[in-house]
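Examination of the molecular architecture
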Amino acid sequence: MVIRIRQSCDIPFSAVTPEPVYRSRREFMRLAAATAGFSIGAACRAPAATAEAQGGLAAQRNPQFVVPDRVNSYEHITTYNNFYEFGTEKSDPARHAGRLRVAPWTVKVDGLVGKPGDYALEDLINFKALEERVYRLRCVEAWSMVIPWIGVPLADVLKKVEPQPAAQFVEFTTLLRPSEMPGQRTNVLEWPYIEGLRLNEAMHPLTFAVVGLYGKVLPNQNGAPLRIHSPWKYGFKGAKSIVRIRLTRDQPRTAWNISAPHEYGFYANVNPNVPHPRWSQARERRLPDFFASTPTQMFNGYADQVAGLYTGLDLTRNY
Amino acid sequence: MRRLADAAHRFVQSRVFYPAVFLGCLWPGAALVRRTMHGDLGVNPVETLLHESGRAALMLLLFTLTITPIRRLTGWNRVQRVRRLVGVWSFVYALSHFLIYVVFNHLGDVRAIWADVTERRFIFVGMLALVILAVLAATSTNGMMRRLGRRWQRLHRLVYVAATAGIVHFVWGQKADIREPLWWAAFLAILFAVRLFYAWRQRRPRPSSAV
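Residues numbered from 1 in each chain as written. Chains lettered and ligands numbered in written order. Predicted model: local features only at pLDDT ≥ 70, side-chain atom pairs only at ≥ 80, totals over all residues. Heavy atoms only, no water.

Another aspect to go through is the overall build of chain B. Check the secondary structure of chain B and you find 10 helices and zero strands. Starting at the N terminus and walking to the C terminus, you meet the elements of chain B as α-α-α-α-α-α-α-α-α-α. Seen along its three principal axes, the alpha-carbon backbone of chain B occupies a region of about 70 × 40 × 35 Å. Buried positions account for 39% of the 211 residues belonging to chain B. (Helix = DSSP H or I, 4+ residues; strand = E, 2+ residues; numbered from the N terminus. Buried < 20%, exposed > 50% of the residue type's maximum accessible area, 1.4 Å probe, protein only.)

Here it is as structure tokens:
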């Protein structure tokens, strides 16, 4: 059987970005850049203030971290995702996350850090330094999206709390609040959800502490108010609605690894050569495509930046 | 209650019963085709198609197994007429499920599919169910029933293997949440229990027959 496959990246990014809000924002950015010579401060501040009132977030796009792929629409990103705290269906987060109260939000920072404590979100994230990055998100279930996140490098957050030399790993804990997170009333996973990274992965410039999406404050269903995304790893490594960041000497016990250790490892690096026990990881479905025709790239296409983290490590065993 | 049962019985006896069941079996597929044409399958259309076609196949397969207990319970012998019809429809949905997987997940790559079948137990049991349903559908005609005689019934007992394999495929396909397939499994277990009960009652010596 011969099937003509349309690669999603055949379409120039500029031609298909669908979100009108997004387009108008880019228009504004270009105007702002054009007038930068005399009044960038004034030009940026006034519209940003209005935008924030509507849940908008002002952020400069960082061209160093923008993939050329077609970006998914805001609707796709916010109505189809896994967030088991709200239910196991992909539509459950969008359906149930509205009830979650995310303000005020405190993140407990403890373990091997020089400045432990309970931090208000604003004290941990420098909202004046927000940037926008367009990252690929590859789910372990073999679908993928391209998402314009807003946030700051996680390294900036960690430096603020001063990791001690003995720290090797970072552990993230998701909020435990069954009254507002109906998925936590069943034991499909061990609650609270815990994820973790090696410290050098967490400090890597690609690892992003996300607080926004598509020029707006991060919607609850995508992990508000604070989530992580390491784009070379499968999506489940990105802890959502984080309430605790702990630096440790030992490798954290992580939720999916506890649930099915032979299926989900600690590293969970995107790797087309290491199949999931129940499906191949060689290709992926770039949503909303019908055909799973997009070849999965080593480290999700970020190999040139992250492969060095794993020299000497057997990636088949450490999946 | 009595009048409701009478109405149901009249419906089963009537001429519209068979076509009504036919349309009922067609319904989930027609709904999926309609949603596909309207672009109403959600962000991951193929996932929706796979889940819904598989669910329809399993539902109809368990329905075929419910028909005989219903007949025994009610004595409405004519319900039996739709058993093969529903079984063939179950196969149609299972085949669609498989073809969606072949075309959209594997782009028709036979080697990749073969690797899936041989290396992944989850795919293997699903394929086992499909092959059994294909054999049963192919031998479901009146002509084949006549030709196979007593062997027909023995061959068609494989439907129990297909139903079990289908549910195991569902369970093994889940990431963590197996609540839904466990409901299906519980239903199948009840059907098995009913059959065991009837088999036990038939074997029991009847004191009244002794003279």
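This part is about the overall build of chain A. Counting its secondary structure elements, chain A contains 10 helices and 13 strands. For chain A, the residues scored as buried account for 55% of the 319 residues in total. With an accessible surface of roughly 13,800 Å², chain A has 55% of that area assigned to carbon and sulfur atoms. (Areas by Shrake-Rupley, 256 points an atom, 1.4 Å probe, with all protein chains shown as cover.)

Let's shift gears to the confidence of the model for chain B. All names here are of chain B. For chain B, mean pLDDT is 94; residues scoring 70 or higher make up 97% of the total. Confidence scores differ between elements of chain B, with helix H1 (residues 2-13) showing the lowest mean pLDDT of 92 and helix H4 (residues 83-105) the highest of 98. Complex prediction metrics read pTM 0.86 and ipTM 0.88. (pLDDT = per-residue confidence, 0-100.)

Residue and element names in this part refer to chain B. Judged by side-chain charge, Arg150, Arg151, Arg154 and Arg157 come together as a positively charged surface patch. As for its placement among the helices and strands, Arg154 is situated in helix H8 (residues 150-156). Under the relative-accessibility criterion, Arg154 is labelled exposed at 58%. (Patch = residues over 30% accessible without salt bridge, like charges linked within 9 Å, V, L, I, M, F, W, Y side chains within 5 Å. Salt bridge = Lys/Arg side-chain N within 4 Å of Asp/Glu carboxyl O. Lys, Arg positive; Asp, Glu negative; His and termini not counted. Charge placed at Lys NZ, Arg CZ, Asp CG, Glu CD.)

Turning to the sheet that holds strand E6 (residues 169-174) of chain A, a few remarks are in order. Strand pairing in a sheet relies on backbone hydrogen bonds. The paired strands run either parallel or antiparallel. Residue and element names in this part refer to chain A. Pairing is mixed in the open sheet, where five strands are placed in the order E3-E2-E11-E6-E7. Lying at the two open borders of the sheet, with one neighbouring strand each, are strand E3 (117-120) and strand E7 (194-198). Within this sheet the neighbouring strands show an average axis-to-axis angle of 20°, counted without direction. Where E6 and strand E11 (residues 242-248) come together, six bridges link them in antiparallel fashion. What sits directly across from Val170, in E11, is Leu247. (Pairing = 2+ DSSP bridges. Axes fitted to C-alpha atoms, helices over the stretch in contact; angles between N-to-C directions.)

What follows deals with the interface of chain B and chain A. Between chain B and chain A, the contact holds 22 residues from the first and 34 residues from the second. Interface of chain B and chain A: buried area, both sides summed, is about 2,300 Å²; carbon and sulfur atoms make up 60% of it. Contact with chain A buries area across many residues of chain B, yet B:Val43, B:Leu107 and B:Lys175 alone supply 36% of it, more than any other trio. Between chain B and chain A we count two salt bridges in total. Counting only elements with at least two residues in the side of chain B that touches chain A, the list comes to helix H3 (45-74), H4 and helix H9 (159-173) of chain B. No other element matches the four residues that H3(B) contributes to the side of chain B that touches chain A. (Contact = heavy atoms within 4.5 Å. Buried area = accessible area lost by both parts, 1.4 Å probe.)

On to the nonpolar core, then. Counting residues in each nonpolar core, the largest one holds 49 residues, and the members touching the most others are A:Met145, A:Trp149, A:Leu213, A:Trp232 and A:Phe236. Mapped by element, the contributors of at least two residues to this core are helix H4 (74-79), strand E4 (131-138), strand E5 (143-153), strand E8 (208-213) and helix H9 (255-259) of chain A. It is E5(A) that contributes the most residues to this core, five residues altogether. If near-sequence neighbours (up to four positions away) are discounted, A:Leu213 is found in contact with A:Tyr74, A:Ile77, A:Thr78, A:Ile147, A:Pro148, A:Trp149, A:Ile150, A:Leu218, A:Pro219 and A:Asn222. If you look at the next biggest cluster of nonpolar residues, it comprises 48 residues, including B:Cys25, B:Leu49, B:Ile132 and B:Ala162. (Core = buried A, V, L, I, M, F, W, Y, C linked by side-chain atoms within 4.5 Å.)

All names here are of chain A. Relative to E3, strand E2 (residues 106-111) runs antiparallel, the two sharing four bridges. Residue pairing in the sheet places Val107 in a bridge with Tyr119 of E3. If you look at the hairpin formed by E2 and E3, you'll find five residues sitting between the two strands.

Quick look at the pattern of salt bridges now. Inspection of the entire model under this criterion finds 25 salt bridges over all chains. Salt-bridge contacts for A:Arg246 lead to A:Glu171; the nearest nitrogen and oxygen are separated by 3.0 Å. Here A:Arg246, found in strand E11, pairs with A:Glu171, found in strand E6; they are 75 residues apart in sequence, far enough to count as distant. Overall, the relative accessible area of 27% leaves A:Arg246 in the partly exposed class. The partner of B:Arg55 in a salt bridge is B:Glu180, and the shortest N-O contact between them spans 2.8 Å. With B:Arg55 in helix H3 and B:Glu180 in helix H10 (residues 179-203), this pair connects stretches of sequence that are 125 residues apart. Counted as one network, the salt bridges with shared partners bring together A:Asp69, A:Arg136, A:Arg138, A:Glu284 and A:Arg286.

This next bit is on the environment of A:Asn273. Take A:Asn273: it is sitting in the loop between H9 and strand E12 (283-286). Residues A:Asn273 and A:Thr316, spaced 43 residues apart in sequence, show a C-alpha to C-alpha distance of 8.2 Å.

Time to look at the packing of H3(B) against H10(B). Residue and element names in this part refer to chain B. One can describe the packing of H3 onto H10 by two numbers: an axis separation of 11 Å at closest approach and a directional angle of 25°. Put simply, H3 runs roughly parallel to H10. Seen from above, H3 lies across H10 with left-handed handedness. Where H3 abuts H10, its residues Arg55, Leu58, Met59, Leu62, Leu65, Thr66, Thr68, Pro69, Arg72 and Leu73 lie against Glu180, Trp184, Phe187, Leu188, Leu191, Val194, Arg195, Tyr198 and Gln202. (Parallel < 35°, antiparallel > 145°, perpendicular 65-115°, else oblique. Left-handed = near helix turned anticlockwise from the far one by under 90°.)

Note that an α-helix has 3.6 residues per turn; residues three or four places apart therefore point the same way. The end-to-end C-alpha distance of H4(B) is 32 Å, a good match for the 33 Å that 23 residues give at a rise of 1.5 Å each. Among all positions in H4(B), only B:Leu85, B:Val86, B:Trp89, B:Ser90, B:Phe91, B:Tyr93, B:Ala94, B:Ile100, B:Tyr101, B:Val102 and B:Phe104 are buried. Those residues of H4(B) that are buried are in contact with E12 of chain A together with helix H2 (17-37), H3, helix H5 (110-119) and helix H6 (121-138) of chain B. After H4(B) finishes, the residue B:Leu107 shows a positive phi value of roughly 50°. (Expected span 1.5 Å × (residues − 1).)

Before going further, it helps to examine the packing of aromatic side chains. Both the distance between ring centres and the angle between the ring planes are used here to describe each pair of aromatic rings. Scanning all chains against the criterion turns up 21 aromatic pairs over all chains. An angle of 40° between the planes, with centres 5.6 Å apart, marks the rings of B:Tyr160 and B:Phe192 as tilted. With a gap of 32 residues between them, B:Tyr160 in helix H9 and B:Phe192 in helix H10 connect regions that are remote in the sequence. Residue classification places B:Tyr160 among the partly exposed residues on the basis of a relative accessible area of 24%. Pairwise contacts between aromatic rings join A:Phe169, A:Phe266, A:Tyr267, A:Phe299 and A:Tyr310 into one cluster. Directly above the ring of A:Tyr74 sits A:Lys216, whose terminal nitrogen or CZ lies 4.2 Å from the centroid. Over the face of the ring belonging to A:Phe266 we find A:Lys237, whose NZ or CZ atom lies 4.1 Å from the ring centre. (Phe/Tyr/Trp six-rings, centres within 6.5 Å; stacked < 30°, edge-to-face > 60°. Lys NZ or Arg CZ within 6 Å of the ring centre and 35° of its normal.)

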